[in-house]
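A structural walkthrough
Spelled out from the first residue to the last, the chains are:
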Amino acid sequence: MKLTGKLLKTGAVAAVLSLSLAACGGTGSPSASGSATDALAGAQTPDKYTTADVTPLDKIDKSKLGLLTPGTIKVGTLSDAPPSIYIDKSGNFTGFDNELLKAMAAKLDLKVEFASTQFQSLLAQVKNKQFDVGSSSISTTDKRRETVAFTNGYDFGFMALVAKDDSKVKAIADLKSGVRVGVVQGTVQDDMVTNQLKLDPVRFKDYNTAYANVKNGQIDAWLAPSQQAEGQIKPGDGTKIQEKKVATQNFSAYAVAKDNPALVEALNSALDAVIADGTWTKLVKQWFTDRPTVKEQLPDGWKPGSKVVKVPAS
């Protein structure tokens, strides 16, 4: 019996995993559909895609943005990935990505309507016009650009390896045959483990379930976006981030349907506006408390928005 390469659902996950991993040891090879790819191909060349400048906000024609509902941006997002994208205790969609998008929409005098979805469905839903925008700390890879268009970047990317405090898995280099590593299906971490490391990961549908299985010992480690890893770990969990790898050229952006360049243009203009007025910096400080200094907010080789916009001094 082999479940490690399949998407696991919530419910009796721990019991199923306990039986399957005891029988199989969690080893495996890449899935049949997997091919040797670079999970972040295209995310490593931001200058190729970052716009030289943007259209002034007062030149944006809001009647041509192709919105599903005029005057409102319908956004697909996640519910379980703090501090970037999640639903708070009051039932509000929040987090850095979503609060930034709200500020951008305000610059365009547009409302924002959020709906929860799963990451593995999000890009197809944006492509098929179920949502105007996808908001989920999405790494802008070449493969994903075949499905959707992206705005300029608003955050750099980095991965984290999460394991128990006393785990022998201390680094991404320790992910080898015999290590039960979890990923969220459809993420660049899934691609990396499957196609670069040539392993068969345990795939989960959401971040909560992936992390729960690290805590209860059903998997040895979880390879995750660093922001989401930090948002899951709580004092007393017995887990920690064993390693973080910053990828300053792996930027995150909002997804938009490829046939709607007007909306991409408008969002790029709004993004530059919230960078220039200090809103972006304020939100980074609020949501990413592990980035207290300018160097941590703007590591060498990366900045948000178009090439021309300046991030004001703190």
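Before reading on, note that the structure itself is shown above.
Residue numbers here run from 1 along each chain, matching the order of that chain's written sequence. Only residues with pLDDT of 70 or above have their local features reported here, since the model is predicted, and side-chain atom pairs are shown and tallied only from 80 upward, although totals for entire chains, interfaces and linings are computed over all residues. Excluded from the side-chain calculation are hydrogens and water; included are all heavy atoms of the structure.

**Here's the deal with the nonpolar core**
Put simply, the rule reads: Note on terminology: a nonpolar core comprises buried Ala, Val, Leu, Ile, Met, Phe, Trp, Tyr and Cys residues joined through side-chain atoms within 4.5 Å. For every residue, the accessible area (1.4 Å probe, protein chains only) is compared with the maximum for its type, and the residue is labelled buried under 20%, exposed over 50%, or partly exposed between those bounds. What counts as a helix is a DSSP run of H or I of at least four residues, what counts as a strand is a run of E of at least two, and both are numbered from the N terminus. Working rule for contacts: check all heavy atoms of both residues, and any pair within 4.5 Å makes them a contact.
Ranked by size, the top nonpolar core spans 65 residues in total, and within it Phe 96, Leu 100, Met 104, Val 133, Trp 222 and Leu 267 carry the most contacts. Among the elements that line this core, the one with the most residues is helix α9 (residues 261-276), at eight residues. Apart from residues lying up to four places away in sequence, Met 104 is in contact with Tyr 254, Leu 267, Ala 270, Leu 271 and Val 274. Counting residues in hydrophobic clusters, the runner-up holds 15 residues, among them Val 169, Val 179, Val 181 and Val 193.

**Remarks on empty space enclosed by the protein**
Keep this limit in mind: Whether a set of points on the 1 Å grid over the protein atoms alone is a cavity depends on a 1.4 Å probe fitting there but being unable to get out, while an open set qualifies as a pocket with protein on both sides within 12 Å along at least five of seven lines; lining residues are those with an atom within 4 Å of a point. Grid points are joined across faces, edges and corners, and a volume is the space filled by probe spheres set on the points. Gly counts as polar in this scheme, as do all residues outside two lists: the nonpolar Ala, Val, Leu, Ile, Met, Phe, Trp, Tyr, Cys and Pro, and the charged Asp, Glu, Lys and Arg.
The final tally for this structure, using the stated rule, is two cavities of 30 Å³ or more. In this model, the largest cavity occupies a volume close to 170 Å³. Around the largest cavity, the lining is made up of 19 residues, and of these Ser 137, Ser 139, Val 188, Gln 189 and Pro 225 lie nearest the centre. Residue assignment for the lining of the largest cavity shows that the elements contributing at least two residues are β7 (133-139), β9 (155-164), α6 (188-196), α8 (226-232) and β13 (239-256). Across the lining of the largest cavity, the residue classes tally to eight nonpolar, 10 polar and one charged.

**Observations regarding the packing of aromatic side chains**
Definition in use: In this scheme Phe, Tyr and Trp rings, the latter by its six-membered ring, pair at centre separations within 6.5 Å, and the angle between planes marks the pair as stacked below 30 degrees, edge-to-face above 60, and tilted otherwise.
This model, assessed by the stated rule, comprises nine aromatic pairs. Here Tyr 86 and Trp 287 contribute two aromatic rings whose centre-to-centre distance is 6.1 Å and whose plane-to-plane angle is 75°, an arrangement assigned as edge-to-face. Of the two residues, Tyr 86 is situated in strand β4 (residues 85-87) and Trp 287 in helix α10 (residues 279-287); the sequence distance between them amounts to 201 residues. Like Tyr 86, the residue Trp 287 is buried in the burial classification.

**Brief notes about the sheet that holds strand β3 (residues 80-81)**
Convention followed: Strand pairing follows a simple DSSP-based rule, namely that at least 2 bridges must link the two strands.
One open sheet holds the three strands; their spatial order is β3-β4-β5, and the pairing between them is antiparallel. Across the chains shown, the open sheet's two edge strands, defined by having one partner strand only, are β3 and β5 (93-94). Summarising the sheet, β3 and β4 pair through two bridges and their orientation is antiparallel. Directly across from Ala 81, in β4, lies its bridge partner Ile 85.

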